[in-house]
Amino acid sequence: MQAVRYASFGAPLELVALPDPNPPPDGVVVKVEATGMCRSDWHGWMGHDADIRPPHVPGHELAGTVAAVGPAVRKWKIGDRVTTPFCLGCGRCAQCEAGQSQICDRYYQPGFTGWGSFAEYVALPYADENLVALPPSLSFVAAALLGCRFATAYRAVVTHGRLEPGEWIAVHACGGVGLSALMIARALGGRVVAVDVTDDKLALATRLGAEIVVNAARTDDVARAVRHATGGDGVHVSIDALGSVATCLNSLGSLRKRGRHVQVGLMTGEHSSPPIAMGPVIARELEIRGSHGMPARDYPELLALITSGRLSPEALVGRTIPLSDVPAELPRMGVFEGVGVTVINRF
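Here the structure is a predicted model, which is why all the values come from computation and not from measurement.

### Regarding the nonpolar core
- In this structure, Phe150 and Ile239 are the most contacted members of the largest nonpolar core, which totals 52 residues.
- Per-element accounting of this core gives the leading share, eight residues, to helix α6 (residues 176-187).
- Those residues in contact with Ile239 that sit more than four places away from it in its chain are Ala156, Val157, Ile169, Ala170, Val171, His172, Ala181, Ser251, Val262 and Val264.
- Among the nonpolar cores identified, the runner-up in size contains 21 residues, and Tyr6, Met37, Trp45 and Ala119 belong to it.

Rendered as structure tokens:
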């Protein structure tokens, strides 16, 4: 099979020929029909994820057809159209038994703990616990966004943010996961403030339903601007979809009393320990939540939004590219180029 691989962190990515994988006993091999290119893949290539052991094939946001099935698999057969959460739970640990497979004690993450989907085929364990059947009407390109961005955003907005119709939500950073959160919030009747540093991303946020946009590059106090735009009180829910000291603190500062901050963006390097003033958190009874993906059991709710026509993931797709373009395209994610999401759909 053709795959994109790097030999060491930060080394050039190369398109190489590798042996086709075999299915684990409890898993499957998926023929990858589409896979999203996510900033988390860039983080991994840069060496920001302790699970990765080079040489490595990245890619964790995928959709495709089952090409081979392990002997212990009961629910899936060759030809099934599927996607999967990026964090696969074992189904047997205490976290999985409590329904929280996204923080499984023995998790498997394609593109991180194992080789990923920047390839023609990818092997996945724990198939019966994690694969998600795709509606016939959903394209593979749109479905590829459900493994990470839309799933992560859905759990952040719904489970942790508990957004109610008519409530205000601020989304800090209008990349893939931020715009996914915006779209989900609008589908659920929320009112959205979008924050970013580029006008083209804010223009897309407006087209996707943001009522208010704030350009952080031209605003002295982002949190104050968000509070002012929402009547002075602030938002009910605020999401840091980037993962920097500035976006984290701006998100917290945007909240009204008893507001809910959800940290989605990965915070690495110099941004790993933001100086949060806990006094206002206590005095205003603010919530701070981390959010890490979504379990497979919650996908039917997300898919129902899509099949009802209230949510259209394909609206977020900026462009599609062949696998051969990945070695040049992935390094550019470090400088936040482009608008919308890039999906690989030619192998």
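What follows picks up the thread again.
### Description of helix α8 (residues 222-229)
- Listed as buried for α8 are Val222, Ala223 and Val226. Buried positions in α8, seen along its axis, are confined to an arc of 100 degrees and lie on one side of it. Residues of α8 that are exposed and angled more than 90 degrees away from the buried face: Arg224 and His228.
- Elements in contact with the buried residues of α8: β8 (168-172), β9 (191-196), β10 (212-215), β11 (235-240) and α9 (245-253).
- Between the side-chain oxygen at the start of α8 and the backbone nitrogen of Ala223 there is a gap of 3.4 Å, and the oxygen is on Asp221.
- A positive phi of about 90 degrees marks Gly231, the residue just after α8.

### Focus on the pairing of β9
- Of all six residues that make up β9, five are buried, and the element is covered over most of its length.
- In this fold, β8 hands off to α6, which returns the chain to β9; that crossover is right-handed.
- Alignment of β9 against β10, held across four bridges, turns out to be parallel. When the sheet's bridge partners are listed, Asp196 is paired in β10 with Asn215.

Criteria and cut-off values
Residues numbered from 1 in each chain as written. Predicted model: local features only at pLDDT ≥ 70, side-chain atom pairs only at ≥ 80, totals over all residues. Heavy atoms only, no water. Core = buried A, V, L, I, M, F, W, Y, C linked by side-chain atoms within 4.5 Å. Buried < 20%, exposed > 50% of the residue type's maximum accessible area, 1.4 Å probe, protein only. Helix = DSSP H or I, 4+ residues; strand = E, 2+ residues; numbered from the N terminus. Contact = heavy atoms within 4.5 Å. Arc of directions from axis to C-beta. Polar contact = N/O pair within 3.5 Å; in protein donor to acceptor, adjacent residues only side chain to side chain. Right-handed = clockwise from strand over helix to strand, strands pointing away. Pairing = 2+ DSSP bridges.

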